[in-house]
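Structure assessment
Residue-level listing of the chains:
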Amino acid sequence: MATASVSKRRQEGGDETAVRERILDAAFAAFMKSGYATTSTLEIATRARVSKRELYALVGNKQEMLIGCISQRAKRLDVPADLPALHDRETLEQVLTSFGTKFVREISDPTVIAVFRLAIAEAVQAPEVARALNSIGREASRAALRKIMAQAQASGLLTGRPAELAQQFAGLLWRDLLVSLLLGVAERPTLREIAGRARHAAAAFLQLHPPSNDGPA
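Conventions adopted
Residues numbered from 1 in each chain as written. Predicted model: local features only at pLDDT ≥ 70, side-chain atom pairs only at ≥ 80, totals over all residues. Heavy atoms only, no water. Salt bridge = Lys/Arg side-chain N within 4 Å of Asp/Glu carboxyl O. Helix = DSSP H or I, 4+ residues; strand = E, 2+ residues; numbered from the N terminus. Buried < 20%, exposed > 50% of the residue type's maximum accessible area, 1.4 Å probe, protein only. pLDDT = per-residue confidence, 0-100. Axes fitted to C-alpha atoms, helices over the stretch in contact; angles between N-to-C directions. Parallel < 35°, antiparallel > 145°, perpendicular 65-115°, else oblique. Left-handed = near helix turned anticlockwise from the far one by under 90°. Contact = heavy atoms within 4.5 Å. Nonpolar A, V, L, I, M, F, W, Y, C, P; charged D, E, K, R; others polar.

What about the pattern of salt bridges?
Across all of its chains, the model carries five salt bridges by this definition. Two residues, R142 and E139, come together in a salt bridge whose shortest N-O distance is 3.2 Å. Highlighted residues: R142 and E139, both in helix 7 (residues 128–154), separated by three residues, approximately one helical turn. When its relative accessible area of 29% is taken as the criterion, R142 is described as partly exposed. Residue R146 pairs with E139 through a salt bridge whose shortest N-O separation is 2.5 Å. Among the residues examined, R146 registers a relative accessible area of 28% and is labelled partly exposed. Here the salt bridges do not stand alone but share partners, grouping E139, R142 and R146 into one network.

Structure, rendered in structure tokens:
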């Protein structure tokens, strides 16, 4: 009897997770189509095939749905737990190249670019979109890159403030690509082009920060 009860709770929990994901997908689609400010919770509930009561119980209000949508996509930019130890500059270059490739690949995804455009379009009517994107979505990538720079600094491979180092590498990585994608005047780069961009950015960054005489080679 107890086993059946536990199994039922697990099934219900799994069902709730699936419905929550369906609601967030519906919310994202509605925001993209109609804009955040003019999208109603009724429209989202209809798209997700749930009642408004279920919508509020599983996700919350519209702003919480927005945060959920952005958070889902921000998770893809987490630094993996098995990040190799940064004992030499060759490994650091490999890690920066790997992160840079993942960073550009995820951010240049059409759905992510659509979120940026949404935040810009809603800047006056719904500034919470930009705030959520900045504090959750963009901060995920900034924090991940700062973590890499902090580890490199702790290993004696770099000198300087991790936040400034991260910002510099991001600048070398993106150049004007993100603005061009937002304006629709450039196509999303291929995986090969993204990997090449990341390699060049990592190499250029390390050239700007040569090893110190008393640091690891």
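Side note on the confidence of the model for the chain
Across the chain, pLDDT averages 86, with 87% of residues at or above 70. Ranking the elements of the chain by mean pLDDT puts helix 1 (residues 2–34) last, at 72, and helix 10 (residues 191–208) first, at 97.

Brief notes about the packing of helix 5 (residues 89–107) against helix 10
At a minimum axis separation of 8 Å, helix 5 and helix 10 run at an interaxial angle of 140°. With respect to their mutual orientation, helix 5 and helix 10 come out oblique. Here helix 5 and helix 10 pass one another in a crossing that is right-handed. Residues R89, L92, E93, L96, T97, G100, T101, V104 and R105 of helix 5 form the contact with helix 10, whose participating residues are L191, I194, A195, R197, A198, R199, A202, A203, F205 and L206. Of the residues assigned to the contact of helix 5 with helix 10, the class counts are 11 nonpolar, three polar and five charged.

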